[in-house]
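The primary structure of each chain is shown beneath.
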Amino acid sequence: MERKDVLISAEALARQRKFQERVREMYETRQARPLACVETFGCQQNVADGQRIMGMLEAMGFGFTQEPREADLVILNTCAVREHAEKRVFGNLGLLTHTKRENPEQVIALCGCMAQEERTAKRVKESYRHVDLVFGPQALWKFPELLWQVYETRKRVFSTADEHGGIAEGIPVVRERGVKAWVSIMYGCNNFCSYCIVPYVRGRERSREPSAVLAEVRELIEAGYKEITLLGQNVNSYGNDLDTDYRFPDLLEEIDRIPGEFWIRFMSSHPKDATPRLFDVMANSQHIARQLHLPFQSGNNRVLEAMNRRYTREKYLELIQYAKNAMPGLVLTSDVIIGFPGETEAEAMDTVSLVEEVGFNALFTFIYSPRPGTKAAAMPDPVSREEKQRWFDKLLEVQNAQSAALHAAYVGRTLRVLVDGQSDDPEYPLSSRTEGNRLVRLQGSPDLIGQFADVEITGSNTWALYGRIS
Ligand code: SAM
Ligand code: SF4
Ligand code: F3S
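Just so you know, these numbers come straight off a predicted model, no measurement behind them.

1. Topic: the sheet that holds strand S1 (residues 35–40)
Now for step 1: Here we have six strands laid out as an open sheet, ordered S2-S1-S3-S4-S5-S6, and parallel in their pairing. The two strands at the open ends of the sheet, each matched to only one other strand, are strand S2 (63–64) and strand S6 (157–159).
Now for step 2: Note: S1 against strand S3 (residues 73–78), five bridges, orientation parallel. By the bridge assignment, Glu-39 is partnered in S3 with Leu-76.
Now for step 3: Contacting S3, strand S4 (107–112), strand S5 (133–135) and S6, helix H6 (residues 143–153) runs over the sheet at an angle of about 160° to S5.

2. Here we look at the packing of helix H2 (residues 10–28) against H6
Now for step 1: Contact geometry for H2 and H6: axes closest at 8 Å, N-to-C directions at 40°. The angle between the axes of H2 and H6 places the two elements in the oblique class. As for the relative orientation of H2 and H6, their crossing is left-handed in sense. Residues Arg-15, Gln-16, Phe-19, Gln-20, Arg-22, Val-23, Met-26 and Tyr-27 of H2 touch H6, and the partners they reach there are Phe-143, Pro-144, Glu-145, Trp-148 and Tyr-151.

3. Regarding the site of ligand 1
Now for step 1: Around ligand 1 sit 15 residues, and of these Gln-233, Pro-295, Gln-297, Asp-335 and Ser-369 come closest.
Now for step 2: Contact between ligand 1 and Tyr-195: a nitrogen atom at 3.0 Å from a main-chain N or O atom of the residue.
Now for step 3: Separating a nitrogen atom of ligand 1 from a backbone N or O atom of Gln-233 is a distance of 2.8 Å.
Now for step 4: Look at ligand 1: alone it shows 550 Å² of surface, and the protein chains cover 92% of it.
Now for step 5: Its residues assigned to classes, the shell around ligand 1 comprises seven nonpolar, four polar and four charged.

4. As for the side chain of His-407
Now for step 1: Along the chain, His-407 turns up in helix H14 (residues 385–408).
Now for step 2: Of the polar contacts made by the side chain of His-407, one reaches the backbone oxygen of Asn-461; its length is 2.9 Å.
Now for step 3: In terms of polar contacts, His-407 uses its side chain to reach the backbone carbonyl oxygen of Thr-462, at 3.2 Å.
Now for step 4: Apart from the residues lying within four places of it in its own chain, the contact partners of His-407 are Asn-361, Arg-438, Ser-460, Asn-461, Thr-462, Trp-463, Ala-464 and Leu-465.

5. Side note on the site of ligand 2
Now for step 1: In the vicinity of ligand 2, the residues found are Cys-189, Asn-191, Phe-192, Cys-193, Tyr-195, Cys-196, Val-198, Pro-199, Gln-233, His-270 and Arg-309.
Now for step 2: Partitioning the shell around ligand 2 into residue classes produces seven nonpolar, three polar and one charged.

6. Some points on the packing of aromatic side chains
Aromatic rings in a pair are described by how distant their centres are and how their planes are angled relative to each other.
Now for step 1: A complete count under the given rule lists 14 aromatic pairs for this structure.
Now for step 2: Arranged with centres 5.3 Å apart and planes meeting at 70°, the rings of Tyr-27 and Phe-62 form a pair that is edge-to-face. Residue Tyr-27 is located in helix H2, and its partner Phe-62 is located in the loop between helix H3 (44–59) and S2; the two are separated by 35 residues in the primary sequence.
Now for step 3: Between Phe-192 and Tyr-200 the ring centres are 5.2 Å apart and the planes differ by 85°, which places this aromatic pair in the edge-to-face class.
Now for step 4: Classification of Phe-192 by relative accessible area gives partly exposed; the value is 31%.
Now for step 5: What links up through ring pairs into an aromatic cluster is the set Phe-296, Tyr-311, Tyr-316 and Phe-360.
Now for step 6: Note that Arg-123 overlies the ring of Phe-90, its terminal NZ or CZ placed 3.6 Å from the centroid.
Now for step 7: The side chain of Lys-125 reaches across the aromatic face of Phe-158, ending 4.6 Å from its centre.

7. Points about the packing of helix H13 (residues 345–358) against H14
Now for step 1: Where H13 contacts H14, the axes come no closer than 10 Å and their chain directions differ by 10°. Judged on the interaxial angle alone, H14 and H13 are roughly parallel. Along its contact with H13, which presents Glu-345, Ala-348, Met-349, Val-352, Val-355 and Glu-356, the element H14 presents Glu-387, Arg-390, Trp-391, Lys-394, Leu-395, Val-398, Gln-399 and Gln-402.
Now for step 2: Within the contact of H13 with H14, the residues separate by chemical class into seven nonpolar, two polar and five charged.

8. Quick word on the nonpolar core
Now for step 1: Formed by 57 residues in total, the largest nonpolar core has its most connected members in Leu-230, Phe-248 and Phe-266.
Now for step 2: Discounting residues that sit within four places of it in the chain, Phe-248 has contacts with Ile-185, Leu-230, Val-235, Asn-236, Tyr-238, Phe-266 and Leu-278.
Now for step 3: Formed by 31 residues, the second largest nonpolar core is a distinct cluster that contains Tyr-27, Ala-36, Ile-53 and Leu-147.

9. Re unusual backbone geometry
Now for step 1: Geometrically, the link from Met-267 to Ser-268 is a cis peptide bond, its omega value of -5° lying close to zero.
Now for step 2: Following the sequence through the fold, Ser-268 ends up in the loop between strand S11 (263–267) and helix H10 (276–283).
Now for step 3: We note that Arg-310 has phi near 65°; this positive angle belongs to a residue other than glycine.
Now for step 4: Turning to its location among the elements, Arg-310 is positioned in the loop between helix H11 (301–306) and helix H12 (313–326).
Now for step 5: Owing to a relative accessible area of 49%, Arg-310 belongs among the partly exposed residues under this scheme.
Now for step 6: One non-glycine residue with positive phi stands out, namely Asn-437, at about 70°.
Now for step 7: Secondary-structure assignment places Asn-437 in the loop between strand S16 (428–434) and strand S17 (439–443).

10. What to know about the pairing of S11
Now for step 1: Burial analysis of S11 places four of its five residues in the buried class, which makes it a mostly covered element.
Now for step 2: Where strand S10 (residues 227–231) meets S11, five bridges bridge the pair, whose relative direction is parallel. Residue pairing for S11: Ile-228 is matched across the bridge by Ile-264.

11. Here we look at H6
Now for step 1: Taking burial as the measure, the 11 residues of H6 include eight buried ones, the bulk of the element.
Now for step 2: If you check which residues of H6 are buried, you get Phe-143, Pro-144, Glu-145, Leu-146, Leu-147, Trp-148, Val-150 and Tyr-151.
Now for step 3: As for H6, its buried residues are in contact with H2, H3, S3, S4, S5 and S6.
Now for step 4: Note on H6: the residue one or two positions beyond its end, Arg-154, has a positive phi of about 55°.

Cut-offs and rules
Residues numbered from 1 in each chain as written. Chains lettered and ligands numbered in written order. Predicted model: local features only at pLDDT ≥ 70, side-chain atom pairs only at ≥ 80, totals over all residues. Heavy atoms only, no water. Pairing = 2+ DSSP bridges. Helix = DSSP H or I, 4+ residues; strand = E, 2+ residues; numbered from the N terminus. Contact = heavy atoms within 4.5 Å. Axes fitted to C-alpha atoms, helices over the stretch in contact; angles between N-to-C directions. Parallel < 35°, antiparallel > 145°, perpendicular 65-115°, else oblique. Left-handed = near helix turned anticlockwise from the far one by under 90°. Near = heavy atom within 4 Å. Polar contact = N/O pair within 3.5 Å; in protein donor to acceptor, adjacent residues only side chain to side chain. Areas by Shrake-Rupley, 256 points an atom, 1.4 Å probe, with all protein chains shown as cover. Nonpolar A, V, L, I, M, F, W, Y, C, P; charged D, E, K, R; others polar. Phe/Tyr/Trp six-rings, centres within 6.5 Å; stacked < 30°, edge-to-face > 60°. Buried < 20%, exposed > 50% of the residue type's maximum accessible area, 1.4 Å probe, protein only. Lys NZ or Arg CZ within 6 Å of the ring centre and 35° of its normal. Core = buried A, V, L, I, M, F, W, Y, C linked by side-chain atoms within 4.5 Å.

Shown next as structure tokens:
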């Protein structure tokens, strides 16, 4: 698709603002401010989308509540990555029959990745008749028009056509006030890892213009945000669809030149596209955190090939070695899947041995969940759930020991942290993060929230560090 067809035109966006106005005017005739309850599931990309939905709602005059009972509009922004995520959403949808019965005027909407799946739309159409609006991530920018359609026609609206998806700039965003912000630098995914639903529900990769990303990051830093995470399913392919040879390391270099005190993070990186240049740029930067989330999924070459990951164990280890040499003390995290169809115990143990070899500070570990429509879902999967659980438990045991040991090695050191909020531990009331994104629970006053501080690490366990301001 040509670039000009990807960028959603100013006229089309202006039209959406008119619908926003119409909804606002409709509600202005009422005494009370309308309330929306937006619940988001899934990854940070989805959280960022949820913040844009809230931005559009705010422009329509809505306030927000976390209580579906008191909401005029309830939106579930869903995730389809594993079966468990989908089950939770259907459970929540079921509960909303009660709120709608109490308040028949209530509008219920389902959006996000599940909404883009044909089989979900069909199931909602047939069995969840209290849902008024269903729209996928590709239609997010048209939300004002779709909502207006529901109000005007009082009919159910389904906007789940399999569109390529575009880039809409200038949609308002409601961010959590404070310290950290998310910025999507690209949308979609082209990789079609054989287990994964994301490319089917989020469309093809589209990169935002560098100037748009830079302007947003600058604005956030000027507004006082101290940590900005750049988001994409594979940030290392940022720019492949631009007409120039500008790529992710170029974007990082430009962002790094913005003055101020802040950290830049990014996720996720695909090992097949990570380059030594990326690590060199990180190593030479002022603001890019020495932290890398580099999902490897499996430590076995046969499984990696069946997953369509397009790198080998050896290539992955080589990248990690380069990154560690370029950035001593680099903090590493990763995603892993256990129990891919046809995986044997010996292959799963290759994953465990890779974990032992690399030394990750933390892992996001998943048992394979078949996603209808993906290639892997059609592969024979003879191993029982109990057996996979056994392999998974072994992996966790090794990883937990490793996290605990790496954390223990910080005790006695002084680390720079960003204090990002309050913690639920009365003895250590503050929560903060190191440059490597490790959680440090702190003693200190809430005035420190939003500030960088030097902290002496006094204790540790598998999940967190403990410290005091030094
Ligand atoms: N694009 C990112 C990447 O490639 O690293 C993240 C994609 S996904 C939102 C996050 C993680 O979910 C993946 O890295 C993978 O480990 C896991 N995942 C995706 N599909 C899965 C499935 N069908 N079953 C279990 N885990 C899955
Ligand atoms: Fe899914 Fe692979 Fe794309 Fe990540 S890179 S979103 S795992 S298809
Ligand atoms: Fe994210 Fe889930 Fe969609 S992990 S991209 S919200 S399927």
